[in-house]
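Each chain is listed here by its residues.
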Amino acid sequence: MSFQGSYLTAAVATAGVIGGAYCAYSMYQVYQKPQLPTVWNEVGTLKDLYVYPIKSCGPIILSKAECTILGLKDGWLRDRVLMVVDDKNNFITARAHPELLLVQPKVRSSILTLNCNGMESIDINLAEVIALQTPKPATVWGVTVPVYDCGWEASEWFSRLNKTATSFRLVYYASQNSRELRGSTNKFYKFTKNDTGALPDEVPFNLINQASVDDLNTRLDGCQVTPRNFRPNFVLTGAKPYDEDAWKFVKIGDNIFEIIKPCTRCILTTIDPETGVRNAKTEPLETLKNYRQIESPEVRKITGSAPRMGLQIALRSGPGGIISLNDIIYAA
């Protein structure tokens, strides 16, 4: 993308104002805090830390990141604040377009760079997008969200990637607030208004236990999976398989998270994150269905046969805390 110098100056100035507003919002945001634990048990350490700037696209691996109400953040790099939409401004995902998993994003300062399988890379200046675009509505899981359009170059790039006549667009979340809750979200789980993040499926933080993935692999025939099949932010090592089923809170370093719900899994887990190829036997989903079903009959009416693997968690300590690789993880 290219703009005249005066526009770039305006973009940087505007981005600075928005960044200041973000900090102010974080400082003064009022939380509906539950009673936090006073006794913690050490359960392991943080093995891997992932941020996914574009919904359904590849991760960026970090050694440390800041916790915010919208998810992990490292400067301009933020978790799931961009997504690809169709010509009706409805989000698309790798469930239907597995080639998205192969997109490798990078973020340096405000520049988002996209690479994928020999395609020519492109750069998108997010500061310019914020400064020069007007928010418009898009839809994610039936909820309307404000977004900035990232321009025609990004649109043409994703349309070529997906090899479709449909005009796909890349959009950038245009709010510092969590998006609205879906109507049925709070029927069984304790979501607050700050627990939905920007553009993730449900909550802005996801944790998976490496030992649970290892146990799953002993049950699989003809394939193996890694934590990346489950697209977590945090990978825990040192715990026993499925210890996480009994936890209500986790603490990573000094950052406290409440477990909102188990993460119920879909067809996305059956797509190899390295190749974008679907497993012909829909594994590991079919094996997980045999032993990781939601136990509550009432909840099963909503989740169906979707099995659980990993935890959906929401920040309960103040925003701004830093999480680093090898941090001790505690549970209560």
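- Per an unreviewed UniProt entry, the chain goes by the name Mitochondrial amidoxime reducing component 2 isoform X4 and belongs to Vanessa tameamea.

## Here's the deal with the sheet that holds strand β5 (residues 77–78)
Remark on secondary structure: sheet strands pair via backbone hydrogen bonds, oriented parallel or antiparallel.
So, step 1. Reading across the sheet, the four strands line up as β5-β4-β3-β18 and stay open at both edges, with antiparallel pairing between neighbours. In this open sheet, the two strands that pair with only one neighbour each are β5 and β18 (322–324).

## Observations concerning the environment of V39
So, step 1. With respect to the secondary-structure elements, V39 resides in the loop between α1 (5–28) and β1 (41–51).
So, step 2. Once the C-alpha coordinates of V39 and A331 are considered, the two residues, 292 residues apart in sequence, prove to be 8.8 Å apart.

## Some thoughts on the nonpolar core
So, step 1. If you look at the biggest cluster of nonpolar residues, it comprises 72 residues, and the most contacted ones within it are M83, L114, I124, F158, L170, F234 and F257.
So, step 2. Counting residues in hydrophobic clusters, the runner-up holds 13 residues, among them Y52, L216, F230 and M309.

## Here we look at the layout of surface pockets
So, step 1. For the largest pocket, the calculated volume is near 900 Å³.
So, step 2. Around the largest pocket, the lining is made up of 38 residues, and of these R182, D201, E202, T264 and Q312 lie nearest the centre.
So, step 3. For the lining of the largest pocket, the secondary-structure elements that each account for two or more residues are β16 (255–264) and α6 (297–303).
So, step 4. Looking at side-chain class alone, the lining of the largest pocket contains 16 nonpolar, 10 polar and 12 charged residues.
So, step 5. Taken as a whole, the second largest pocket holds about 450 Å³ of empty space.
So, step 6. Of all elements in the fold, only β16 and β17 (308–315) reach the threshold of two or more residues within the lining of the second largest pocket.
So, step 7. A total of five residues in the lining of the second largest pocket trace back to one element, the largest contributor, which is β16.
So, step 8. Of the residues that constitute the lining of the second largest pocket, the class distribution is 12 nonpolar, three polar and nine charged.

## Some thoughts on the pattern of salt bridges
So, step 1. Applying the stated criterion across every chain yields a total of 15 salt bridges.
So, step 2. Ionic pairing is found between R80 and D79, a salt bridge with its closest N-O pair at 2.8 Å. Per residue, the accessibility class of R80 equals that of D79, and both read buried.
So, step 3. Between R228 and E274 there is a salt bridge, with the nearest N and O atoms lying 3.0 Å from each other. Here R228, found in the loop between α4 (210–219) and β14 (234–237), pairs with E274, found in the loop between β16 and α5 (285–291); they are 46 residues apart in sequence, far enough to count as distant.
So, step 4. Via salt bridges that share partners, K190, D195, E258 and R316 belong to a single interconnected network.

## What to know about the pairing of β16
So, step 1. Burial within β16 is extensive, with eight of its 10 residues counted as buried.
So, step 2. When strand β15 (residues 249–252) meets β16, the two strands line up antiparallel, connected through four bridges. Following the sheet pairing, I252 is matched in β16 by N255.
So, step 3. Linking β15 to β16, which pair antiparallel, is a turn of two residues; within it G253 sits at a positive phi near 65 degrees.
So, step 4. As paired elements, β16 and β17 share six bridges and run antiparallel to each other. Across the sheet, residue E258 finds its bridge partner in β17, namely A314.

## Considering the packing of aromatic side chains
So, step 1. Summed over all chains, the structure comprises seven aromatic pairs.
So, step 2. With a centroid separation of 6.3 Å and 35 degrees between ring planes, the pair formed by Y50 and Y52 is classed as tilted.
So, step 3. Take Y50: its relative accessible area is 8%, and that puts it in the buried class.
So, step 4. Relative accessible area serves as the criterion here: at 1%, Y52 is assigned to the buried category.
So, step 5. Put simply, the rings of F205, F234 and F257 touch in pairs and so form one group of aromatic residues.
So, step 6. One cation-aromatic arrangement involves R219 over Y291; the distance from NZ or CZ to the ring centre is 3.9 Å.

## Here's the deal with the sheet that holds strand β11 (residues 143–149)
So, step 1. The sheet built from four strands is open, its strands ordered β6-β12-β11-β10 with antiparallel pairing. Strands at the two margins of the open sheet, each flanked by one partner only, are β6 (82–85) and β10 (136–140). When the angles between neighbouring strand axes are averaged without regard to direction, this sheet yields 55 degrees.
So, step 2. Pairing analysis gives four bridges linking β6 to strand β12 (residues 169–173), with the strands arranged antiparallel. From the neighbouring strand, L82 faces β12, where its bridge partner is Y172.

## Observations concerning the environment of E66
So, step 1. Residue placement: E66 occurs in strand β3 (residues 64–68).
So, step 2. The class of E66 is partly exposed, set by a relative accessible area of 23%.
So, step 3. Along the chain, E66 and I322 lie 256 residues apart, while their C-alpha atoms are 4.5 Å from each other.

How each quantity is defined
Residues numbered from 1 in each chain as written. Predicted model: local features only at pLDDT ≥ 70, side-chain atom pairs only at ≥ 80, totals over all residues. Heavy atoms only, no water. Pairing = 2+ DSSP bridges. Helix = DSSP H or I, 4+ residues; strand = E, 2+ residues; numbered from the N terminus. Core = buried A, V, L, I, M, F, W, Y, C linked by side-chain atoms within 4.5 Å. Buried < 20%, exposed > 50% of the residue type's maximum accessible area, 1.4 Å probe, protein only. 1 Å grid on protein atoms, 1.4 Å probe; cavity = no way out; pocket = protein on both sides within 12 Å on 5 of 7 lines; lining within 4 Å. Points joined across faces, edges and corners; volume = space filled by probe spheres on them. Nonpolar A, V, L, I, M, F, W, Y, C, P; charged D, E, K, R; others polar. Salt bridge = Lys/Arg side-chain N within 4 Å of Asp/Glu carboxyl O. Phe/Tyr/Trp six-rings, centres within 6.5 Å; stacked < 30°, edge-to-face > 60°. Lys NZ or Arg CZ within 6 Å of the ring centre and 35° of its normal. Axes fitted to C-alpha atoms, helices over the stretch in contact; angles between N-to-C directions.

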